[in-house]
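Notes for the structure review
The residues making up each chain are set out below.
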Amino acid sequence: MIGKICVFGLGHAGLPTSLSFAELGWTVVGVDYDSEKVKFIESGKSPFYEPEVDVLLQKHLANGRFVATSEAAEAVASADVVVICVGTPQLPDGGADLSFLRSATATIARHMTGYTLVVQKSTVPPGTASSVVAPILEECVPQRVQYDLAVNPEFLREGSAVYDCLHPDRLVFGVDSQRAKEVFMELYGPLLDGDQRVPSEQVGIVVTNWATAELIKQASNAFLATKISFINMLADMCDASGANVLDLARGLGSDPRINHHYLNAGLGFGGQCLPKDLRGLAAYGKGVGVDVNILESVDVVNTSRVDRILDRVVSLLGGVEERTIAIWGVAFKPGTDDVAEAPSLNLIPKLVDLGAVVRVYDPEALGAFQEASQLSDTGVYACETGLQAAEDADVLLILTDWYEFIHFDLSLLKTAMKSPVVIDGRNCMNALEMERHGFMYSGFGLPPVGI
Ligand code: UGA
């Protein structure tokens, strides 16, 4: 019987995961070595923007089902399940830096007192559980203490992390014992078939070995990345041929074997996961002698997207020197304040180098952008509203498809801009509406309106 769950690492994956376990009725203690972050969380605030997290945090701090601490010893000693959610950042060669995983595992191992299921949720290359985590546990867990190691990847998306945790399309359990499988079924039991829960027949439950569970995670993200680069390559062909990538995606996606998801063309993928996992899988494959050309090409197509929009703006304006360029959106996608591998980080310095004046607005991510780009005092101006960013602009570039941009008052926008030119890096605006309002509108893979 599970009494308490301990989650190690309270970042974008760990905090929503902890709170979702609390929502399922478990008592959860979240551990993070960063005591400032822990204090912030204890005050009922999420250290990052993520819908629903603040609400659940306040609810479960109040009812005692969730506590945060930086003291690992007691948290681990009292837990029956310890979930490792620490970061595995990308190394320069594309591989994963496992140092946080190693040190978290050693800490957990030393403080375990009774039977514990140690769950590796962090995203890692296949073989990590057996070659890195298991040996540390063998060496450091006190002899009388029984335990199992299991791999349980997460598939949550930033911006809908809590929803995804509570409505999974699959649960992957990498186990090497019957007991580990039983503990998993108990852990996720409240999610399946309970009140307002997901019917178990709608959830793919995959029970497999450790390496397969690890590979399912990296391969899922690499596959999504492949779909995006594939449609972006086709968007370029649409631009050359006059075809329409939106209709193309509808045509392709109507085949259930292909489906509609991840076929939105534009500036490509960013974030902490798709680029890292794509490169991580490529680095692993190369290391074991597998031809990973497919994965490398997906990365090349993606990183070249920023040059596409740069070429477009330079050719539309005939150069950008001393031109005012409005940017809407710096987050890597809507619903988050995360700018990891966002096109904005790559594009804006290039515009500044070419002598442009850049006016930037994002509903949530300006602070993170300023921190990551260190571009203040260099011709980049942070604006408080989308309208302010657009004032006197020669062109507006949309880099993130936030809802408020899609529903912006186009008459107001047109009045604010010096010239009504919009380049839509996410194909998120309605081309016909843009034209009706008198904009010169340019997306990716979109023929001129009316064709
Ligand atoms: C991704 C996966 O979708 C999750 O399943 C996974 O759990 C997570 O990584 C992780 O490994 O933790 P996330 O990084 O939040 O989630 O981002 P996505 O929503 O997948 O979007 C990634 C990027 O692709 C964004 O920049 C988005 O704008 C772009 N994208 C997405 C497109 O360019 N076109 C599309 O059709 C879809």
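In case you missed it, the structure is sitting above this.
Structure report, in brief. (Residues numbered from 1 in each chain as written. Predicted model: local features only at pLDDT ≥ 70, side-chain atom pairs only at ≥ 80, totals over all residues. Heavy atoms only, no water.)

Some remarks on unusual backbone geometry
Quick note on the threshold: Counting from the N terminus, the helices are DSSP H or I runs at least four residues long and the strands are E runs at least two residues long. For each residue, the accessible area found with a 1.4 Å probe, counting protein chains only, is set against the maximum for its type, and the residue is called buried under 20%, exposed over 50%, and partly exposed in between.
For glutamate 52, which is not glycine, the phi torsion reads 80 degrees and is therefore positive. Within the fold, glutamate 52 resides in the loop between helix H2 (35–42) and helix H3 (53–62). Look at glutamate 52 and you get partly exposed, because its relative accessible area is 43%. A positive phi angle is found at tyrosine 262, which is not glycine, with a value near 60 degrees. For tyrosine 262, the position within the fold is in the loop between helix H10 (245–253) and helix H11 (274–287).

Considering the site of the ligand
Inclusion rule: By convention in these notes, a residue is near a molecule or strand provided one of its non-hydrogen atoms lies within 4 Å of it. Polar contacts here mean pairs of N or O atoms no more than 3.5 Å apart (in protein, one a potential hydrogen donor and the other a potential acceptor; neighbouring residues in sequence count only if both atoms are side-chain atoms). Note on areas: these come from Shrake-Rupley sampling with a 1.4 Å probe, and a residue is covered only by the protein chains present in the view.
Near the ligand you find 21 residues, and of these Leu156, Glu158, Lys217, Tyr262 and Lys333 are the closest. The backbone of leucine 156 places a nitrogen or oxygen atom 2.7 Å from an oxygen atom of the ligand. Interatomic distance of 2.8 Å between a side-chain N/O atom of lysine 333 and an oxygen atom of the ligand. Look at the ligand: alone it shows 730 Å² of surface, and the protein chains cover 91% of it. Those elements that place two or more of their residues in the shell around the ligand are helix H9 (210–241) and H11. Considering each element in turn, the shell around the ligand owes the most residues, four residues, to H9.

Remarks on H2
Sitting at the amino-terminal end of H2 is aspartate 34, which places a side-chain oxygen 3.1 Å from the backbone nitrogen of glutamate 36. Following H2 by one or two positions, glycine 44 has its phi on the positive side, about 90 degrees.

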